[in-house]
Amino acid sequence: MMNDLLVLTKFRLSALVIVTTFVGFWLRRGPDWSGWLLFHTLLGSSFAAFGAAVFNQLMEIGPDSRMTRTADRPLPSGRISPGAAFGIGWLLSAFALIHLGAKANIEAAALTALTLAVYLFIYTPLKKQSAANTLVGAVSGALPPLIGWAGAAGQTPADARYFRWELLLEPGALYLFALLFLWQLPHFLAINWMYRDEYRRGGFVMLANEDEEGVRTSRHALAYSLATLLLMFYPVARGLVNPWLFLPPALLLAGWLCKLALVFQKSPDRVNARKLFFCTLAYLPGSLIVTCLAWKHG
């Protein structure tokens, strides 16, 4: 049962939400941070990620049952009933929103609600209608660091506006959103192309579904990898990081990503797609660590 609950909440994938939320919180708050505020922000965002995963699987029981790699999940296999899963998802999501609003701030709660709405009501249904779903899914995946960024601001001061929109437009928040957004695209494109037969069997409309030669998929993956490389100059231009600490390792990591994307573009096969996929798994934590070490607090 414990293993089924971990699968139902996509615990390993949700761990990424926890990490990126923490990074957003730490970058804005710096060394002078409140342990309890961090705890409440991470707890709320984690429960929201778990709830979103449950509802996503509820909405995709049919497709999951037709795909080999997902057919043994708790819902399509019948080990957990849809009614029980709905109750779990509702409790997790409701707790997350209420907790963040009460213990962090309204901005963090609103961003969490937006993440749930985009993921469940736009991205998940769009997977059966348009290949643009990958872009929409990248939006929802890029919001968790902003939840941490907003949560770090604490409760709204008495003399401030009810909702502080400016938190979302701060250069650090924009950089984190763009980094997570761009990183996800070569990551998911590589997965999509490797498992295109599975996605077709599940009824999902994906970019790589009819791209047997991998030409279109690899071209898109290379374009987004190059955009990630160019993004590395933004925090330097805005004075967010120490350029000598940030640029060399950041460009090295992004260059590695671009190199493997170029190899995949020149020779689109499963081996090169797999290499690109594993590169993206290493690239994100590496770039986040470099960002944290070079960040100028205050």
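The structure presented is a predicted model; accordingly, all values stated were derived computationally and were not measured. (Residues numbered from 1 in each chain as written. Predicted model: local features only at pLDDT ≥ 70, side-chain atom pairs only at ≥ 80, totals over all residues. Heavy atoms only, no water.)

Trainee: Just to check I follow, could you spell out the pattern of salt bridges for this structure?
Mentor: Where charged atoms from two side chains of opposite charge approach closely, those side chains can pair. This structure, assessed with the given rule, holds 10 salt bridges. The shortest N-O distance in the salt bridge between Arg79 and Asp4 comes to 3.0 Å. Of this pair, Arg79 sits in the loop between α5 (74-77) and α6 (82-103) while Asp4 sits in helix α1 (residues 2-8), and the two are 75 residues apart along the sequence. With its nearest N and O atoms 3.1 Å apart, the salt bridge here joins Arg28 to Glu170. One end of the pair, Arg28, is in helix α2 (residues 11-29); the other, Glu170, is in the loop between α9 (144-151) and α10 (171-194), and 142 residues separate them in sequence. For Glu170, a relative accessible area of 21% translates into the label partly exposed. Overlapping salt bridges bring together Arg196, Asp197, Arg200 and Glu212 as one network. (Salt bridge = Lys/Arg side-chain N within 4 Å of Asp/Glu carboxyl O. Helix = DSSP H or I, 4+ residues; strand = E, 2+ residues; numbered from the N terminus. Buried < 20%, exposed > 50% of the residue type's maximum accessible area, 1.4 Å probe, protein only.)

Trainee: Would you mind going over the packing of helix α8 (residues 133-142) against α9 with me for this structure?
Mentor: Angle between the axes and distance between the axes are the two parameters that describe a pair of packed helices. Close contact between α8 and α9 brings their axes to 5 Å; oriented N to C, the two are set at 30°. Here α8 lies roughly parallel to α9, going by the angle between them. The residues of α9 that touch α8, namely those facing Ser140, Gly141 and Ala142, are Pro144, Pro145 and Leu146. Here the residues of the contact of α8 with α9 sort into 4 nonpolar, 2 polar and no charged. (Axes fitted to C-alpha atoms, helices over the stretch in contact; angles between N-to-C directions. Parallel < 35°, antiparallel > 145°, perpendicular 65-115°, else oblique. Contact = heavy atoms within 4.5 Å. Nonpolar A, V, L, I, M, F, W, Y, C, P; charged D, E, K, R; others polar.)

Trainee: Hey, could you run me through the packing of aromatic side chains in this one?
Mentor: Both the distance between ring centres and the angle between the ring planes are used here to describe each pair of aromatic rings. Tallied over the full model, the rule gives 14 aromatic pairs. Ring centres of Phe11 and Phe50 lie 5.9 Å apart, and the angle between their planes is 20°; on these two criteria the pair is classed as stacked. Taken together, the residues span a long stretch of sequence, with Phe11 in helix α2 and Phe50 in helix α3 (residues 35-59) at a distance of 39 residues. Given a relative accessible area of 41%, Phe11 falls into the partly exposed group. Taken together, a centroid distance of 5.3 Å and an interplanar angle of 65° make the contact between Phe277 and Phe278 edge-to-face. The class of Phe277 is buried, set by a relative accessible area of 16%. (Phe/Tyr/Trp six-rings, centres within 6.5 Å; stacked < 30°, edge-to-face > 60°.)

Trainee: Looking at this structure, I do not really get the nonpolar core. What am I missing?
Mentor: Side chains that are nonpolar tend, in soluble globular proteins, to be buried together. Core analysis: the biggest nonpolar cluster contains 69 residues, and Tyr175, Leu179, Met232, Phe246, Leu276 and Tyr283 have the highest contact counts within it. In terms of residues, this core owes the most to one element, α10, which gives 14 residues. Sequence-distant contacts of Tyr175, that is, excluding residues within four places in its chain, are made with Leu231, Met232, Tyr234, Pro235, Phe246, Thr291 and Trp295. (Core = buried A, V, L, I, M, F, W, Y, C linked by side-chain atoms within 4.5 Å.)

Trainee: Just to check I follow, could you spell out the side chain of Glu107 for this structure?
Mentor: The residue Glu107 is located in helix α7 (residues 106-126) in this model. Engagement of the side chain of Glu107 in a polar contact is seen with the backbone nitrogen of Arg164, the distance being 2.8 Å. Setting aside residues up to four positions removed in sequence, Glu107 forms contacts with Ala150, Thr156, Tyr162, Phe163, Arg164 and Leu167. (Polar contact = N/O pair within 3.5 Å; in protein donor to acceptor, adjacent residues only side chain to side chain.)

Trainee: So what exactly am I meant to see when it comes to a nonpolar patch on the surface here?
Mentor: Taken together, the side chains of Met2, Leu6 and Phe11 present a nonpolar region at the surface, about 300 Å² in accessible area. Within the secondary structure layout, Leu6 lies in helix α1. Here Leu6 falls in the partly exposed class, since its relative accessible area comes to 36%. (Patch = residues over 30% accessible without salt bridge, like charges linked within 9 Å, V, L, I, M, F, W, Y side chains within 5 Å. Areas by Shrake-Rupley, 256 points an atom, 1.4 Å probe, with all protein chains shown as cover.)

Trainee: Before we go on, may I ask you to explain α6 in this structure?
Mentor: A turn of α-helix holds 3.6 residues, and therefore any two residues three or four places apart point the same way. With 22 residues, α6 should cover 32 Å at 1.5 Å per step; its first-to-last C-alpha distance of 31 Å lies within 8% of that length. Among the residues making up α6, those that are buried are Ala85, Gly89, Leu92, Ser93, Ala94, Ala96, His99 and Leu100. The inward-facing, buried residues of α6 abut α1, α3, α5 and α7. (Expected span 1.5 Å × (residues − 1).)

Trainee: Is there a simple way to explain the packing of α2 against α10 in this structure?
Mentor: One can describe the packing of α2 onto α10 by two numbers: an axis separation of 11 Å at closest approach and a directional angle of 155°. Of the possible angle classes, the one that applies to α2 and α10 is roughly antiparallel. For the element pair α2 and α10, the recorded crossing hand is right-handed. Touching Leu16, Thr20, Val23, Gly24 and Leu27 of α2 are Leu176, Leu180 and Trp183, all from α10. (Left-handed = near helix turned anticlockwise from the far one by under 90°.)

Trainee: What is the right way to look at the confidence of the model for the protein in this model?
Mentor: The predicted model of the protein averages 92 in pLDDT, with 100% of residues at 70 or higher. Across the protein, the element-wise mean pLDDT spans from 84 in α1 up to 98 in helix α13 (residues 234-237). (pLDDT = per-residue confidence, 0-100.)

Trainee: Help me understand helix α14 (residues 243-266) in this model?
Mentor: Compared with an ideal rise of 1.5 Å per residue, which puts 24 residues at 34 Å, α14 spans 33 Å between its outermost C-alpha atoms and is within 8% of the ideal. Contacts from the buried residues of α14 go to α10, α12 (215-231), α13 and α15 (270-294). Backbone nitrogen of Trp244 and a side-chain oxygen of the N-cap are separated by 3.0 Å at the start of α14; the cap is Asn242.

Trainee: Looking at this model, I keep getting lost on the side chain of Thr20. Mind explaining?
Mentor: Within the secondary structure layout, Thr20 lies in helix α2. The class for Thr20 is buried, based on a relative accessible area of 3%. Setting aside chain neighbours within four positions, we find Thr20 in contact with Pro144, Pro145, Leu180 and Leu288.

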